Structure formats: structure tokens, C-alpha cells
Amino acid sequence: MRRASTLAYSVLSRTLAANLDGRATTSSVVAFNHRPLLSALFSTDSSHGRSYGTSRLSAQTASLGVAGAFISVAAAAFLSQEVYAKEPPPAELVPKDVVLYQYEACPFCNKVKAFLDYYDIKYKVVEVNPISKKEIKWSDYKKVPILMVDGEQLIDSSVIIDKLSNKVLSKKADDDTSNADDEEKKWRRWVDNHLVHVLSPNIYRNTSEALESFDYITSNGNFSFTEKMTVKYAGAVAMYIVSKKLKKKYNITDERAALYEAAETWVDALDGRQFLGGSKPNLADLAVFGVLRPIRHLKSGRDMVEHTRIGQWYTRMENAVGESSRIKS
């Protein structure tokens, strides 16, 4: 019984530590002092048996039952955390020097960051000024993202992810993954050819949402004070007008309905799975999550989560991708 109590205590302690929203360590769990609770649950002291008029055997049997139940629940919770762990590649395959040239609010840049974060590849960020673009004057390519990997320049978010995944993710040649790969490629194309085009008409849908979007862009971007003020208001008006042209270009009549439909289409594709990749995210999961991450806490993103079924998947992805692997400068 003592061994059962010790095991249950150990598993439950680990589970509590893992489930405190990432804000508590094992030491803080101990500081919470849940030992009295566990002692009361798992105690085999004969005085308890006499107090309640039960036999020593009955008390032990009851304690074993409680301990077993707690072990099962705690172990299940602990194992469920493992499902959402990051997947760092073998150390010998990880690039040594990775620098991302980006706009913080750019969906394509965020798609690359979702990959880097999930696979725990450390990277530095250079925030590009979208007006002067002086940070990328050295490059013939004048768009973002640009990713420098051990001195090699990679461009175009999907190409960047393809090249990085070929470099750091080892797949056996005899794996029977052709169907899964076809599905993954299909939905990655859907992200680039459809989902991203639904976003701009939504985040610039009206003047208030356009201002909200540009407040986020200027607060997180590389702008001087004067540029912030100019870009926030002039940019919001300009993109409000542009968004109307984008609606026409991509044959969108109701932008919110189009966003909700895209979210529901993605959830249908999951077909009851936790992720498109099954028990863990694949490149399509990371692509969808990446392009949605900049809008999640804007009004359009809040509306999307409130009015569609995508919220649970998005939360699982947040847990799976975890903390940023960005190296703070």
C-alpha cells in the first residue's frame, strides 16, 4: 500500500505540475502543499479505521481503490500532455544560425514561425520596416518572409517549410505515408490559394476593424513614431478600400460568411481527428494555425472562434506549438 501511495503521489505531482497552465514548476506545486490532501486520501493509519468503525482490511481496500483511481486519472492526464509536446529534430540536423526577416502581422511569416516553434528550432527575428525595407536592401528579393539558414537565403513561405522539413525531419523511405502526404499537400495548397485570401477582407472589413488591425500592426512592427501615426490612419483607410477590391477579385460577397465557411471546411477535413496529422500536427495543421494566429485576437478572429467549431482545434494547436523558439535580442 505504501508503494501504491508513493506512486500515486509521484504521478499526481507530475500531473499537477504539467497542468498549471505552464506557470508553475514542481517547486511551486510543492509550495501549494497538497501533501495533506494526498495523506488524507491515501492514509492507512489504523486510527482512521477505528474512528469510523471500519476494519483495517476495509480501510486498506478503500485506500487502494482511491489510489488506483487517482493513478489512472493522473496518468491519463499526464500522458495526454505528451501528445501535445514539441517535436525537436535530432540535434545534428538542427541549423546553427537561423534568422527570419519578417513583418510581425504577416500570415506567411507566421506560417514559417509556427514550423520553427513546433520543431523548437531557435531563430532570430529582424523586423522589416514595410516602408523603407532597409533591413532587406542586401537582398534581390524584396518580400517577406526571408529566412537565412546557416548563410543560405530561403524565400517563399511554403518553399521555406519544404526545404527545412527535408533538412531536419527524417522520414524513412519505406514508410507507407503516401495517402497522408497527399492529404497534407492538398490542405497546404488550400491555405495558400484560399484561406489567406479570406483574411484581408475580414480584418479590414470596416473602418473600426481596419483601425484595430493597424493598431496591432504598428504596435508590433518596425516603425518610427511618425510612421506609426501615419501608417495607422492612412494605412487603415487604404486597406479598407483595398479589401473591397480583394472581395471582388476573389469573388467574396460576405467576408464573414466566407471566413466561417473556411473554418468549418477545415474542421470537416479533420474528420474527428485531433489534428489533420492524427495524434500530432502535420505541416498542414501548422500552416492553418500559422496564418490564423495574427488574427486570433482581432474581432474577426474572435468572431470566427465564437461562431464556428474551430476553437478546440486552435487551442490544441496552441498547446502543441507551445512557447516561441525565438531568440530574444
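Note that the structure is a prediction, hence the values are computed from the model and not measured. (Residues numbered from 1 in each chain as written. Predicted model: local features only at pLDDT ≥ 70, side-chain atom pairs only at ≥ 80, totals over all residues. Heavy atoms only, no water.)

## Here's the deal with the overall build of the protein
Move 1: The number of helices and strands found in the protein is 14 helices and four strands.
Move 2: Scored against the burial criterion, the 329 residues of the protein give a buried share of 40%. (Helix = DSSP H or I, 4+ residues; strand = E, 2+ residues; numbered from the N terminus. Buried < 20%, exposed > 50% of the residue type's maximum accessible area, 1.4 Å probe, protein only.)

## Notes on a nonpolar patch on the surface
Move 1: Together, L211, F225, M229 and Y233 make up an exposed nonpolar region whose accessible area comes to about 420 Å².
Move 2: For the nonpolar patch, the leading source of residues is helix α10 (residues 225-249), giving three residues.
Move 3: Here M229 lies in helix α10.
Move 4: Owing to a relative accessible area of 38%, M229 belongs among the partly exposed residues under this scheme. (Patch = residues over 30% accessible without salt bridge, like charges linked within 9 Å, V, L, I, M, F, W, Y side chains within 5 Å. Areas by Shrake-Rupley, 256 points an atom, 1.4 Å probe, with all protein chains shown as cover. Salt bridge = Lys/Arg side-chain N within 4 Å of Asp/Glu carboxyl O.)

## Points about the nonpolar core
Move 1: F115, L147, W266, L292 and W313 are the most contacted members of the largest nonpolar core, which has 60 residues in total.
Move 2: Leaving out residues up to four positions away in the same chain, L147 has contacts with V98, V99, L100, V112, L116, E152, Q153, L154, I160 and L164.
Move 3: Within the second largest apolar cluster, nine residues are counted, among which are V99, V128, V144 and I146. (Core = buried A, V, L, I, M, F, W, Y, C linked by side-chain atoms within 4.5 Å. Contact = heavy atoms within 4.5 Å.)

## Quick look at the sheet that holds strand β1 (residues 98-102)
Two strands in a sheet stick together by hydrogen bonds in their backbones, pointing the same way (parallel) or opposite ways (antiparallel).
Move 1: The strand order β2-β1-β3-β4 describes an open sheet built from four strands, whose pairing is mixed. Of all strands in the sheet, those with a lone pairing partner are β2 (124-127) and β4 (152-155), marking the two edges. Sheet twist, expressed as the mean angle between neighbouring strand axes with direction ignored, is 20 degrees.
Move 2: Inspection of the sheet shows β1 paired to β2 by four bridges, in the parallel sense. When the sheet's bridge partners are listed, Q102 is paired in β2 with E127.
Move 3: Sitting on the sheet, helix α6 (residues 107-118) touches β1 and β3 (146-149), and the angle it makes with β1 is about 155 degrees. (Pairing = 2+ DSSP bridges. Axes fitted to C-alpha atoms, helices over the stretch in contact; angles between N-to-C directions.)

## Describing the confidence of the model for the protein
Move 1: Per-residue pLDDT for the protein has a mean of 80; in total, 72% of the residues score no lower than 70.
Move 2: With pLDDT under 50 throughout, residues 1-64 is counted as low confidence; its partners more than four residues away or in other chains account for 51 contacts. (pLDDT = per-residue confidence, 0-100.)

## Details of the pairing of β1
Move 1: Of all five residues in β1, five are buried; the element is thus mostly enclosed.
Move 2: Alternating residues of β1 divide into V98, L100 and Q102 and V99 and Y101, and every residue in both groups is buried.
Move 3: Sheet analysis places β1 next to β3, joined by four bridges and oriented antiparallel. The residue bridging V99 from the neighbouring strand is M148, located in β3.

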